Amino acid sequence: MCGIVGYVGNRDCTDVLINGLSKLEYRGYDSAGIAVFDNNQKIRVAKSKGRLQNLIDRMNQDGKPIGNAGIGHTRWATHGEPSDVNSHPHSGGRVTIVHNGIIENYKQIKDYLSDKGVSFASDTDTEVAAKLLDYNYNGSPIETISETIRDLEGSYALGVIFADHPNVVYAVRKESPLIVGVGKDESFIASDVPAVLDYTKNYYLLDHEEIAVLDKTGVKIFDSFGRKIEKELKTADWDVEAIGKGGYEHFMLKEIHEQPTAIRNTIMPRIKDGLPNLEECGITPETLKKFRQIFIVACGTAMHAGMVGKYVTEKLARVPVVVDIASEFRYRDPIVGEGDLVIIISQSGETADSKAAMHLAKKKGAKTLAIVNAMGSSIAREADMLIYTHAGPEIAVASTKAYMVQIAVMYLFAFEMALAVGAIDETECKRLVSTLMETPDMIEKLLEHKETTQYIASSLITADSLLYIGRGLDYALSMEGSLKLKEISYIHSESYAAGELKHGTISLIHDGMPVIAVATQSDLFEKTISNIQEVKSRGAKVILVCRDSYQPEPNTADMKFGLPDLDDLLMPMLAVVPLQLIAYYTSVHKGNDVDKPRNLAKSVTVE
Ligand code: M6R
């Protein structure tokens with residue numbers, strides 16, 4: 001969602017802001033803008049609806065602001081349509097701001113300020129915050145920010161400049177992420193580390209309601225009472241290459257290819273003497289034994305990883321696992337409390353609903369375990385136990401490598417849990433771990449042959465709608481395949497438990513309708529094949545993802561993607577790859593913006 005960048009230093013500020021914003025494009029946005037102190041110390045604003053290029057074109061036409069300090073923003077519309085006037089920065093008069101998040105009580109504040117004669121030009125909650133800052137302004141930026149944030153409800157990260165404090169940038173956050181980059185004679189604010197990596201790897205993680213002040217002398221950080229504080233300077237372990245396309249046409253394709261490495265980086269440090277070892281993450285067999293039930297709470301792809309986790313954990317450890325969509329869990333008054341473990345899965349670690357679900361679980365007395373990719377993110381910092389997935393930065397909006405490592409961690413967790421409760425012995429656990437360790441090499445081989453998925457994808461581009469079907473783990477995987485396809489190809493699709501088709505959905509099948517059937521589970525194979533024949537005999541065009549060794553009868557499938565043999569339980573690690581590639585190539589064939597699909601944001605930091 002919205003991206004914030006700010007800069008103070010000796011470089012051309014506009015260039016730094018635009019470069020930083022381009023690194024945040026992956027978050028999703030529909031307009032962009034900057035505010036820069038020019039060489040006469042006046043604030044110059046440029047903003048435009050649409051892609052960053054529109055803003056650049058506008059500046060080429062109207063003149064580019066030249067200066068050494070300023071703030072920039074990519075906006076993902078929440079309050080008010082995407083338009084020039086609703087784009088950030090917003091000015092309150094003496095104060096100009098950029099904002100990520102939602103000011104929940106903006107309406108009350110707007111009414112209050114309107115009564116005082118303040119007028120508004122946009123429909124945004126951000127302009128309300130800018131006007132409130134201006135209304136409260138007493139000449140001391142820090143005091144004014146401290147006082148104003150007491151009145152703001154909701155989540156926000158703000159970059160703020162004051163007309164009478166030229167070349168100084170202020171920043172504050174609550175809930176929404178913000179980092180402060182520290183370079184030599186220059187400093188930055190940004191919603192995410194990639195925005196500053198071209199200049200520095202050193203950064204501070206701003207905590208709730210802390211206020212950062214960036215000026216020519218460097219960075220100072222204050223608590224919400226205006227007291228100066230010292231913070232630990234962190235160093236990013238990514239480099240600029242990690243956030244480039246590395247020769248691939250799209251980030252998504254690059255990230256699909258990074259999966260074997262991501263799995264190795266994630267699982268190898270957690271395996272000792274052939275057994276899972278999560279002690280470094282605060283998880284021991286003794287802790288695991290105590291849980292009477294497990295909840296897995298997440299959104300989108302991360303929730304689908306949770307579905308795989310449920311099937312595997314229940315099957316191996318015989319402990320009940322409930323998977324919940326975070327936005328449902330947080331409002332359905334779940335029966336959860338002491339003795340329960342709530343696992344929150346999140347790539348970004350900043351997803352608003354997942355974060356709120358974690359807070360609820362903690363409040364109700366459950367223990368929380370976060371499985372998170374983004375280092376230092378809110379969910380990572382606040383959970384009781386933490387397993388980092390080491391996928392590296394995931395830039396494409398459609399999640400691929402993050403899903404892969406999420407399920408890899410779910411396997412390790414399930415193995416350790418099953419061993420802890422005595423449902424499997426050490427020999428079986430070692431066998432499972434060593435099978436998991438084989439998967440990166442197998443995925444590498446799968447990725448050498450992408451032609452079949454390209455061919456399948458070319459047959460899908462004219463489809464209006466399709467179904468993904470499977471049973472058991474194949475059903476869990478179908479959910480992810482279907483989401484991947486719809487988010488980047490814009491073709492409607494649904495995933496269905498194959499056995500459920502007869503209860504209504506089969507009426508949708510018509511001549512030529514594509515059905516992608518996943519059938520990798522030996523014990524359910526014959527049953528899935530029967531379901532496939534049911535749709536095939538009603539005219540469906542069946543694309544079968546199954547073991548290579550299976551030779552389908554002519555009346556079973558029109559196309560087949562064959563997978564190598566592996567333990568049933570671990571087949572999702574392989575079967576997801578063709579599903580990712582089918583979605584990818586369908587999107588490419590349709591000429592869509594693969595990495596930045598319409599209407600979507602990478603990190604969903606608002607409800
Ligand atoms: O950062 P998170 O893992 O918490 O994000 C959750 C979902 O928003 C995310 O997985 C989304 O569904 C992806 N765009 C799917 O590709």
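Predicted, not measured: the structure shown is a model, and the values here were computed from it. (Residues numbered from 1 in each chain as written. Predicted model: local features only at pLDDT ≥ 70, side-chain atom pairs only at ≥ 80, totals over all residues. Heavy atoms only, no water.)

**Topic: the overall build of the chain**
The criterion, for reference: To qualify as a helix, a DSSP run of H or I must reach at least 4 residues; to qualify as a strand, a run of E must reach at least 2; elements of each kind are numbered from the N terminus. To get the radius of gyration, use the C-alpha atoms; to get the globule rule, take the number of residues to the power 0.38 and multiply by 2.2 Å. The classification of residues rests on relative accessible area computed with a 1.4 Å probe and restricted to protein chains. Under 20% of the type maximum is buried, over 50% is exposed, and intermediate values are partly exposed. Any pair of residues with heavy atoms lying within 4.5 Å of one another is described as a contacting pair. Using a 1.4 Å probe, the Shrake-Rupley method yields the accessible areas, and only the shown protein chains count as cover for residues. Under this rule, positive means Lys or Arg and negative means Asp or Glu; His and the chain ends count for nothing. By convention, the point assigned to a charge is CZ for Arg, NZ for Lys, CD for Glu and CG for Asp.
Along its length, the chain carries 18 helices and 27 strands. For 607 residues, the compact-globule estimate of 2.2 N^0.38 gives 25 Å, and the chain sits close to it at 25 Å. Overall size of the chain, expressed as C-alpha extent along the three principal axes, is 75 × 55 × 45 Å. Taken over 607 residues, the chain has a buried fraction of 61%. Pairs at least 24 apart in sequence give 71% of the contacts found in the chain among residues at least 6 apart. Summed over all atoms, the accessible surface of the chain reaches about 22,500 Å², with 48% contributed by carbon and sulfur. Both charge centroids of the chain, one from 65 positive and one from 82 negative side chains, sit 2 Å from each other.

**Section: the site of the ligand**
Test applied: Residues are classed as near a molecule or strand on a simple rule: at least one heavy atom within 4 Å of it. Identification of polar contacts relies on pairs of N or O atoms within 3.5 Å, with a donor-acceptor requirement for protein atoms, meaning one able to donate a hydrogen and the other able to accept it, and with residues adjacent in sequence counted only if both atoms are side-chain atoms. Any residue with an atom within 4 Å of a point lines the site, the site being either a cavity, points on a 1 Å grid over the protein atoms alone where a 1.4 Å probe fits but cannot get out, or a pocket, an open set with protein on both sides within 12 Å along at least 5 of 7 lines. More than half of a molecule's atoms lying within 2 Å of a cavity's or pocket's grid points is what places that molecule inside it. Throughout, the ten residues Ala, Val, Leu, Ile, Met, Phe, Trp, Tyr, Cys and Pro are labelled nonpolar, Asp, Glu, Lys and Arg are labelled charged, and all others, Gly among them, are labelled polar. As used throughout, domain bounds are those supplied by an automatic or database domain assignment.
As a matter of local geometry, the ligand sits amid 15 residues, with Ser-346, Gln-347, Ser-348, Thr-351 and Glu-487 nearest to it. Within the side chain of Ser-346, a nitrogen or oxygen atom sits 2.6 Å from an oxygen atom of the ligand. Between the ligand and Val-397 there is a distance of 3.0 Å, counted from a nitrogen atom to a backbone nitrogen or oxygen. Starting from 410 Å² of accessible surface for the ligand in isolation, the protein chains cover 91%. Put simply, the ligand lies in the largest pocket. Breaking the shell around the ligand down by element, the ones donating at least two residues are α9 (300-317) and α16 (473-489). Split by residue class, the shell around the ligand holds six nonpolar, seven polar and two charged. When residues of the shell around the ligand are assigned to domains, at least three map to each of domain 2 (251-446) and domain 3 (451-590).

**Regarding the domain arrangement of the chain**
What the domain assignment reports for the chain is domain 1 (3-243), domain 2 (251-446) and domain 3 (451-590). Just the C-alpha atoms count here: the centres of domain 1 and domain 3 sit 45 Å apart.

**Points about the environment of Tyr-156**
By the element assignment, Tyr-156 lies in strand β7 (residues 154-162). Overall, Tyr-156 belongs to the buried group, its relative accessible area being 0%. The contact partners of Tyr-156, leaving out residues within four places of it in the chain, are His-99, Asn-100, Gly-101, Ile-103, Ile-149, Val-172, Arg-173, Lys-174, Ser-176 and Glu-209.

**Section: the layout of surface pockets**
This is how it is decided: Grid points are joined across faces, edges and corners, and a volume is the space filled by probe spheres set on the points.
By volume, the largest pocket amounts to about 610 Å³. Forming the walls of the largest pocket are 30 residues, and the residues nearest its centre are Cys-299, Gly-300, Thr-301, Lys-602 and Val-604. Counting residues per element, the ones that place at least two in the lining of the largest pocket are α9, β20 (340-346), α11 (352-363) and α16. With five residues, α9 is the largest single contributor of residues to the lining of the largest pocket. Split by residue class, the lining of the largest pocket holds 13 nonpolar, 11 polar and six charged. Residue contributions to the lining of the largest pocket reach at least three from each of two domains, namely domain 2 (251-446) and domain 3 (451-590). Estimates place the volume of the second largest pocket at around 520 Å³. Asp-192, Val-193, Ala-374, Met-375 and Ser-377 are, among the 34 residues lining the second largest pocket, the residues nearest its centre. Counting residues per element, the ones that place at least two in the lining of the second largest pocket are β11 (202-205) and β15 (234-235). Broken down by class, the residue content of the lining of the second largest pocket amounts to 16 nonpolar, nine polar and nine charged. Lining the lining of the second largest pocket are residues from two domains, each supplying at least three of them: domain 1 (3-243) and domain 2 (251-446).

**Some points on the sheet that holds β11**
Where we set the bar: Between any two strands, at least two bridges found by DSSP are needed for them to pair. As a rule, the C-alpha atoms of each element are fitted with a line to give its axis, helices using only the stretch in contact, and angles between N-to-C directions run from 0 to 180 degrees.
Spatially, the eight strands line up as an open sheet ordered β3-β2-β4-β1-β10-β9-β11-β15, and their pairing is antiparallel. At either end of the open sheet lies a strand with only one pairing partner, and these are β3 (43-49) and β15. As defined by bridge partners, strand β1 (residues 3-8) adjoins strand β10 (residues 186-190) across four bridges and the pair is classed as antiparallel. Counted as the bridge partner of Tyr-7 is Phe-188 from β10. Along the sheet, helix α2 (residues 52-62) contacts β2 (31-37), β3 and β4 (69-75); its crossing angle with β3, the most-contacted strand, is approximately 130°.

**Concerning helix α14 (residues 426-446)**
To keep things clear, this is the line we draw: Here the expected span of a helix is defined as 1.5 Å times the quantity of residues minus one. Throughout, the bend at a residue refers to the angle made by two axes, fitted to the seven residues ending there and to the seven starting there.
Helix length check: α14, at 21 residues, gives a terminal C-alpha distance of 30 Å against a target of 30 Å (1.5 Å per residue), a fit within 8%. A maximum bend of about 30° is found in α14 at Pro-440.

**Observations concerning the packing of α14 against helix α18 (residues 571-589)**
Helices that pack against each other are described as a pair by the angle of their axes relative to one another and the distance between those axes. Applied cut-off: Here is the rule for angles: anything less than 35 degrees is roughly parallel, anything more than 145 is roughly antiparallel, 65 through 115 is roughly perpendicular, and the remaining ranges are oblique. Each crossing gets its handedness from the near helix: less than a right angle anticlockwise from the far helix is left-handed, clockwise is right-handed.
Their axes nearest at 9 Å, the elements α14 and α18 cross at an angle of 20°. The angle between α14 and α18 falls in the class roughly parallel. Crossing hand, α14 versus α18: right-handed. Within the contact between the two elements, α14 uses Leu-436, Thr-439, Met-442, Ile-443 and Leu-446 and α18 uses Met-573, Leu-574 and Val-577. By residue class, the composition of the contact of α14 with α18 is seven nonpolar, one polar and no charged.

**Structural notes on a negative patch on the surface**
Defined as follows: Residues forming no salt bridge and having over 30% relative accessible area are the ones grouped into patches, like charges within 9 Å of each other and nonpolar side chains (Val, Leu, Ile, Met, Phe, Trp, Tyr) within 5 Å. Within this document, salt bridges are pairs made up of a side-chain nitrogen of Lys or Arg and a carboxyl oxygen of Asp or Glu, the two lying within 4 Å of each other.
A cluster of acidic residues, Glu-104, Glu-143, Glu-147, Asp-151 and Glu-153, forms a negative patch on the protein surface. Assignment of secondary structure puts Glu-153 in the loop between α5 (141-149) and β7.

**A closer look at the pattern of salt bridges**
When the charged atoms of two side chains with opposite charge come close together, those side chains can pair. Under the counting rule described, the total for this entry stands at 42 salt bridges. When the shortest N-O distance is used, the salt bridge between Asp-223 and Arg-227 registers 2.8 Å. Through salt bridges with shared partners, a single network forms among Asp-207, Glu-210, Lys-231 and Arg-381.

**Focus: the packing of aromatic side chains**
So the rule is basically this: A pair of Phe, Tyr and Trp rings is counted when the ring centres sit within 6.5 Å of each other, with Trp represented by its six-membered ring. The angle between the planes then sorts it: under 30 degrees is stacked, over 60 is edge-to-face, the rest tilted.
Counted under the stated rule, the structure contains nine aromatic pairs. Measuring from ring centre to ring centre gives 6.0 Å for Tyr-112 and Tyr-135, while their planes differ by 85°; the resulting arrangement is edge-to-face. Pair noted here: Tyr-112 is in helix α3 (residues 106-115) and Tyr-135 is in helix α4 (residues 125-136), with a separation of 23 residues, a long-range link. Using a relative accessible area of 37% as the deciding quantity, one classes Tyr-135 as partly exposed. Between Phe-162 and Tyr-170, the aromatic rings sit 5.3 Å apart at their centres with planes inclined by 85°, giving edge-to-face as the arrangement.

**Describing unusual backbone geometry**
Cis geometry marks the peptide bond from His-88 to Pro-89; its omega dihedral reads 0°. Counting through the fold element by element, Pro-89 comes out in the loop between β4 and β5 (90-91). Non-glycine residue Arg-318 carries a positive phi angle of around 60°. Mapped onto the elements of the fold, Arg-318 is located in the loop between α9 and β19 (321-325).

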